[in-house]
Amino acid sequence: MARSWNPHAMQPHGPARTRTAPPQVPDRFWSAPRMRRYLLFDATGLVYLLIGFVILRAVWALGDGGEAWARVLRDYRNPLYLLFHAVTLLSVIYVGVRFFGLFPKAQPPRIGPVKPPPRPVLHALLYAAWGVVTLGLLLVLGGVIA
Amino acid sequence: MSELPKKTFVITRFDPDKDQVPKTQTYEIECRPDWKVLDAINFIKDEVDPTLSHRWSCRMAVCGSCGMNVNGEPKLTCKTSLAEYGDVVEIEPLANFPIVRDLVVDFESFMEKFRSVKPWIIRAKEKAPEEGTCSQSPEELEAFRHFSMCINCMLCYAACPVVANAPEFLGPAAIALGHRYNLDSRDEGAAERNEIFRGEGTIFECSYANECSEVCPKNVDPAAAINQAKLLAVLDWAKGLVLPRKGGS
Amino acid sequence: MLEVVRHDVLIVGGGGAGLRAAIAAVEADPRISVGLVSKVYPMRSHTVSAEGGAAAVARDDDSLEMHAKDTVKGSDFLADQDVVDYFVQEAARELTLLEHWGCPFSREPDGRVSVRAFGGMAAKRTWFAADKIGFHMLHTLFQHSMRFDRIVRYDEQFVTRLLVDGGAVRGVAALDVREGVVRVFLGRAVILTTGGAGKCFAFTTNGNIKTGDGMALAYRAGVPLKDMEFVQYHPTGLPGTGILITEAARGEGGTLKNSEGERFLVTRDYGVGQKAELGPRDMISRAIIQEMMAGRGIKGPYGEYVHLDLTHLGEKKIDERLPFVRLLSTTYAGVDPVHQPIPIRPVVHYMMGGVDVDIDGRTLLPGLYAAGETACVSLNGANRLGSNSLTECLVFGARTGRHAVAYARGASDGDESRLRALGQEEAARIDALRGSRRGGERLAGIRHDMQHTMEQGCGVYREQPSMQETVRTLAQIRRRYAALALDDRSKVFNTELIAALELGNMLDVAEAVANAAVARKESRGAHTCFDFPKRNDQEYLHHSLVWFGEAGPRVDKKAVTITRFQPEERKY
């Protein structure tokens, strides 16, 4: 059925005029499929936090010279790190796709004189930008450019 | 009259003078196939148990009184067909609100949040009626019209995970209403409202769950309003850094 | 200890008229405070359900004279013409104010507010907001009223009694729905804006809250109710639920057809002439009933109906101008008007009658005012034109608010200890009623029987025998009401107690309607009798008044103010 979740939710600021029962949420509030997808979306934040530390470690090592750098690169070949990077990639794709889906309706009808392009155009632009940046990075990392 | 199919209703009961905590009560009644959930509740109140308290009025999905959680989902009970449900229907008061009695919740907090966004036309100089109506093109009207359709039923508050966790969050309907006025070509108060949005309203607590828009019976799309409002509030803040505002807020 | 709350002006009911009166009151005097006491939160008021539009002269092909003439003719010459003149003069100003306050009226490409055709109107003058004008008007007024700290709201407080001392109204006693306690609200002027009483009938567009509370309060305090026999049957309500399908559907080109697919308003003579579907509401409702009596109605599970055909308008026009109609029809009748005609039948919608007031909203009881559907000014006479009542709420809500303030400034306070004693009496009465077992009568049963007998005797077509039967039945039902058995003893949010109090109010209003109907032996406007089919200006060109009496109501008459438009045959 339902259970008490947060006694402070939507409580008025004045004194209660009669005794109320605390706010409830339905039993399946947090476990409903749509909510689960949203919680996963939010939970990817943890992944980004962790990948941040991973990147920081590598950047720090750069400052400590060639040997330190080589050591970090060796560590990161560990299958666990590779798995973690794969998870990060999947998280980014999941968040990207979900965010791109919501993006068009998050555009105000106009900003000053400028109106946003129609939804399919926006989607196309977003995915195109993603594609271009990804391609660019791959070319850099692959040594083809810079 | 031939017998109609029966359904079982498990309804939350709570009388603060008698009950420590809410409990449920079960009713089994014959239901007409074209009934809405509200029709069943009214039948129970009229014919079976007059002590059941609930709010309702228009029964045509425009007054916003009859919001409740039905089988775990926030619904306008006057608009929701009983045919969508099986033999057992659970009816609870709207989630995330303190419960006053049975299916009646306290929404004074919503009224406070509602008022705090200054939901009225703000103009530097009031226009006199002799000057005639303001000119507004159909396009300017379309910019905000669907955000003005909110019937204050608060289903969005019952669905929002942030409302469930963060008491100070303005919430979907209040933000959508403030945004409606910000977009209205006749209004000049966006700067004031954006300050509220950035400050005590904490609209940035919204993290794109989109649950509000999923449950809104009027297709107001409050999620769109909140996220548009975020962008405009940030732009307004940036503009304020570069071009200082005249006078106070 | 009884709590006492003090304001300068009290307004009972927070719908279109009440909110407009509150705004007018605080604007009229920067020092006064207004207490807005409503049994529901204001955005739940039934104004919210109005769909079609609000009328005011707006175009060059129109004039105040034309609007006034349409209104007087529509009223079957029972409207007070000084009231009508003031109304048409102020209408555009009020709607312009509403627009300034943010109402999202539909627009022309050039930025002007759009107007549409409406029943009984010679020119297009109905300002609209898609097909949700009532919703937008109510929310605009409510949100605008929030600017004023001096309008203090008391939500979910049910006023049960007017407090009269020294021959004037000094305040009200109200039951706090949530806490279950009675409080005394003191105010030197009290404005009743509680709406009509459609719930006295079984089949009505009205929401649950339309129980005539303000009318009953005034009636019991010795103020007569005027023109109560005139109950408007809106031609197009959904069978079963009674949900309103706006006249705007016909204004945008919708047609009415019988079981033979015939557009009967055109092919047969129902007095509407060229106007056809845009004739006045009373004539259209009668036409539909006559078609059903002639066997050309379509049979359905909730009685007979005819068709409202919008299929020729096209999806684009329907979605742009009648989106709510499409939603209502789909959700509550299972019919998509883009593809199929909507089933409709005449349904109780509006009370032309109400508390007897003058043009300032004043009743004969000093300190007591009324405006909106609760009042009978009389703008609408024997039949109201669609889209006049929302404008009426604004025009007379404002005027009454201003006059109430002027009165309150000069009025005195009355004896507080006597008023407290009255409040205490009221509290005791309510406490005694709550959960009481005075006999074996069930609330829902009594209410159902009242609604049923009103339907029988006070329908679109009436006749003496059935009206008299209704009067007798109502008297019986009143005795049964005294033997009510209630179950809910709780104090907190006791809706059974509220329903019992509302039922008492509805019985008062129903009694007034039925008695006034029996007394009017003619047909005029919405009051049509088989046995007196003609209008009789010789004997009945007057308002009816019903006075409350312990032994039964007394019916009286009051003159109509006729200035420019002399009564003539009402043909379109």
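1. Observations regarding the overall build of chain A
Move 1: In terms of regular secondary structure, chain A is built from 4 helices and 2 strands.
Move 2: Taken from the N to the C terminus, the helices and strands of chain A come in the order β-β-α-α-α-α.
Move 3: Taking 2.2 N^0.38 as the reference for a compact globule, 146 residues should give roughly 15 Å; the C-alpha atoms of chain A span a radius of gyration of 23 Å, well beyond that estimate.
Move 4: Its C-alpha atoms give chain A principal-axis dimensions of about 70 × 45 × 30 Å.

2. Structural notes on the sheet that holds strand E1 (residues 6-13) of chain B
Residue and element names in this part refer to chain B.
Move 1: Strand order in the open sheet made by the 5 strands is E2-E1-E5-E3-E4, with mixed pairing throughout. A strand with exactly one partner marks an edge of an open sheet, and here the two such strands are strand E2 (23-30) and strand E4 (73-76). If you compare each strand with its neighbour and ignore which way they point, the axes differ by 35° on average.
Move 2: Where E1 and strand E5 (residues 88-92) come together, 4 bridges link them in parallel fashion. If you follow Ile-11 over to E5, its bridge partner there is Ile-91.

3. A look at helix H3 (residues 81-100) of chain C
Residues and elements named next belong to chain C.
Move 1: In this model H3 runs 29 Å from its N-terminal to its C-terminal C-alpha over 20 residues, within 8% of the 28 Å that 1.5 Å per residue would give.
Move 2: Of all 20 residues in H3, 15 are buried, a share of seventy percent or more.
Move 3: Just past H3, the residue Gly-102 takes up positive phi, approximately 115°.

4. Topic: the environment of Asp-29 of chain C
Residues and elements named next belong to chain C.
Move 1: When you line up the elements, Asp-29 lands in the loop between helix H1 (16-28) and strand E3 (34-38).
Move 2: The spatial distance from the C-alpha of Asp-29 to the C-alpha of Glu-441 is 50 Å, given a sequence separation of 412 residues.
Move 3: Residue contacts for Asp-29: discarding those within four places in its chain leaves Val-405 and Arg-409.

5. Quick notes on the packing of helix H1 (residues 33-63) of chain A against helix H3 (residues 79-102) of chain A
Residues and elements named next belong to chain A.
Move 1: At their nearest, the axes of H1 and H3 sit 10 Å apart, and the two run at 135° to each other. Between H1 and H3, the interaxial angle falls into the category oblique. Like other packed secondary-structure pairs, H1 and H3 cross with a definite hand, here left-handed. Listed contacts from H3 to Phe-41, Thr-44, Val-47 and Ile-51 of H1 are Val-87, Thr-88, Ser-91, Tyr-94, Val-95 and Arg-98.
Move 2: Looking at the contact of H1 with H3 residue by residue, the classes come out as 6 nonpolar, 3 polar and 1 charged.

Thresholds, definitions, all that
- Residues numbered from 1 in each chain as written.
- Chains lettered and ligands numbered in written order.
- Predicted model: local features only at pLDDT ≥ 70, side-chain atom pairs only at ≥ 80, totals over all residues.
- Helix = DSSP H or I, 4+ residues; strand = E, 2+ residues; numbered from the N terminus.
- Rg over C-alpha atoms; globule rule 2.2 N^0.38 Å.
- Pairing = 2+ DSSP bridges.
- Axes fitted to C-alpha atoms, helices over the stretch in contact; angles between N-to-C directions.
- Expected span 1.5 Å × (residues − 1).
- Buried ≥ 20, exposed ≤ 12 C-beta atoms within 10 Å, placed from the backbone.
- Contact = placed C-beta atoms within 7 Å.
- Parallel < 35°, antiparallel > 145°, perpendicular 65-115°, else oblique.
- Left-handed = near helix turned anticlockwise from the far one by under 90°.
- Nonpolar A, V, L, I, M, F, W, Y, C, P; charged D, E, K, R; others polar.

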